[in-house]
Amino acid sequence: MCPNIHTVSFSWVTEEDQLVSAALDVTKPEIMRRALADLSVHVPETGLTTRQKVALTCRALFDAGHDSGLAGQITARGETPGTFYTQRLGLGFDEITEDNLLVVDEALNVLSGDGMANPANRFHSWIYRSRPDVTCIVHTHPFHVVALSMLEIPLVVSQMDITPLYDDCAFLADWPGVPVGDEEGEIISAALGSKKAILLAHHGHVVAGASVEEACSLAMLIERAAKLQLAAMAAGSIAPLPERLAREAHDWTLNPKRSQANFAYYARRALVRHPDVLTSQSTAHT
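None of the values given here were measured: they were computed from a predicted structure.

Concerning the overall build of the protein chain
- Summing up its helical and strand segments, the protein chain has nine helices and eight strands in all.
- Taking all contacts inside the protein chain whose residues are at least 6 apart in sequence as the whole, residues at least 24 apart take part in 69%.
- For the protein chain, the computed accessible surface area is about 14700 Å², with 57% contributed by carbon and sulfur atoms.

Right, dumping it as structure tokens:
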């Protein structure tokens, strides 16, 4: 009689099967650890100066809808303590180059470059004083962030791509007016606290990054987050993320090397669209 094919079993296991099984039998923490190690190898430094990174951030954010006439500022700590780079008042983000950036002190006295800084840069000094971990600040008025700010509603992070901002975006509900005085600097820096970003009611947002790369990446995300939130609110109630998984995603996506990879992509796009942004030849690695 022919054997019943449904009862016949085979115990042959090839070496290839064993290797595949071993490759697939890895815990999630181990996979994440290996991936982070690989990022350190495969995501190199761009070779760009701080001045160049700031100029590229201005152009990248302009293309992403962060322009609002002459409103908004991007600053980064300079090489000398108590100084920072910023754009000249009167120039839009799409006009910023590495050569026309200013170097100013905490009182906004121009130390290098022509023209004057935006007086609203003053609150940046307060953040830099209270947050030694911050090396770059982005303050802009992008469309969807501003629309959300008009509702006096905090940013809600409820989607995986936006988790770098999970529990890391403060909210200032009371508009203090035009932020050109020390009082506004105290209010905004205190409301920001230790977080990476803050939504300012009736105003815009501030991102306080550990690097230019991180600040640029988070500024891109906060506008997308506001756009998603407004769309979701129009359709129904926003469901929260599970806290444990959201915090895991926050830590995973906020890794410095991921910010570097994101920034390198934004820089390449900006250089294609705005070849005038850099005047030196230090762009080989972008």
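Description of the confidence of the model for the protein chain
- Put simply, the protein chain has an average pLDDT of 89, and 90% of its residues get 70 or more.
- Predicted confidence is poor over residues 282–286, with pLDDT under 50, and the contacts of this stretch with residues over four places away or in other chains come to 13 contacts.

Side note on the sheet that holds strand β8 (residues 204–209)
- The sheet built from eight strands is open, its strands ordered β4-β3-β2-β1-β5-β8-β7-β6 with mixed pairing. Sheet topology places β4 (110–112) and β6 (169–172) at the edges, where each strand pairs with a single neighbour. Neighbour-to-neighbour, the strand axes of the sheet open up by a mean angle of 25 degrees, direction not taken into account.
- As defined by bridge partners, strand β1 (residues 73–77) adjoins strand β2 (residues 83–86) across two bridges and the pair is classed as antiparallel. Residue pairing for β2: R77 is matched across the bridge by F84.

With respect to the side chain of T75
- If you trace the backbone, T75 turns up in strand β1.
- When its relative accessible area of 0% is taken as the criterion, T75 is described as buried.
- Excluding its chain neighbours within four sequence positions, the residues that come into contact with T75 are F84, Y85, T86, N121, H124, Y128, T135, C136 and I137.

Considering the nonpolar core
- By size, the foremost hydrophobic cluster in this structure holds 45 residues, and its most contacted members are L56, I74, V138, L155 and L165.
- Elements supplying a minimum of two residues to this core: α3 (50–63), β1, β5 (136–140), α5 (143–150), β7 (197–200), α7 (212–235) and α9 (256–273).
- Broken down by element, the residue count for this core peaks at 10 residues, all from α7.
- Among residues more than four places away in sequence, those in contact with I74 are V54, T57, C58, L61, Y85, T86, Q87, F93, C136, I137 and V138.
- Ranked by size, the runner-up nonpolar core spans 18 residues in total, among them A117, L172, V206 and A208.

Structural notes on the environment of A64
- With respect to the element layout, A64 can be found in the loop between α3 and β1.
- Here the alpha-carbon distance between A64 and P142, two residues 78 residues apart in the chain, equals 8.5 Å.

Quick look at the pattern of salt bridges
- Per the counting criterion, the structure on display carries 11 salt bridges.
- Residue E106 is joined to R129 by a salt bridge in which the shortest nitrogen-to-oxygen separation is 3.3 Å. Taken as a pair, E106 in the loop between β3 (102–105) and β4 and R129 in helix α4 (residues 122–130) lie far apart in primary sequence, 23 residues in all.
- On the basis of relative accessible area, E106 is assigned to the partly exposed category, the value being 30%.

Focus on the packing of aromatic side chains
- Tallied over the full model, the rule gives two aromatic pairs.
- Ring centres of F84 and Y128 lie 5.5 Å apart, and the angle between their planes is 40 degrees; this geometry places the pair in the tilted category. With a gap of 44 residues between them, F84 in strand β2 and Y128 in helix α4 connect regions that are remote in the sequence.
- In this arrangement the basic side chain of R129 is found over the ring face of W126, its NZ or CZ atom lying 5.2 Å from the centre.

Details of the side chain of D105
- Among the structural elements, D105 can be located in strand β3.
- Despite its burial, D105 pairs with no opposite charge; the closest candidate is R122, at 7.8 Å N-O.
- At a separation of 2.9 Å, a polar atom in the side chain of D105 contacts the main-chain amide nitrogen of A107.

Quick look at helix α8 (residues 243–253)
- Along α8, the residues that are buried comprise A246, A249, H250 and T253. Looking straight down α8, one finds that the buried residues subtend no more than 105 degrees of arc, so they occupy a single side. Residues of α8 that are exposed and point over 90 degrees away from its buried face: R244 and D251.

Conventions used here
Residues numbered from 1 in each chain as written. Predicted model: local features only at pLDDT ≥ 70, side-chain atom pairs only at ≥ 80, totals over all residues. Heavy atoms only, no water. Helix = DSSP H or I, 4+ residues; strand = E, 2+ residues; numbered from the N terminus. Contact = heavy atoms within 4.5 Å. Areas by Shrake-Rupley, 256 points an atom, 1.4 Å probe, with all protein chains shown as cover. pLDDT = per-residue confidence, 0-100. Pairing = 2+ DSSP bridges. Axes fitted to C-alpha atoms, helices over the stretch in contact; angles between N-to-C directions. Buried < 20%, exposed > 50% of the residue type's maximum accessible area, 1.4 Å probe, protein only. Core = buried A, V, L, I, M, F, W, Y, C linked by side-chain atoms within 4.5 Å. Salt bridge = Lys/Arg side-chain N within 4 Å of Asp/Glu carboxyl O. Phe/Tyr/Trp six-rings, centres within 6.5 Å; stacked < 30°, edge-to-face > 60°. Lys NZ or Arg CZ within 6 Å of the ring centre and 35° of its normal. Lys, Arg positive; Asp, Glu negative; His and termini not counted. Polar contact = N/O pair within 3.5 Å; in protein donor to acceptor, adjacent residues only side chain to side chain. Arc of directions from axis to C-beta.

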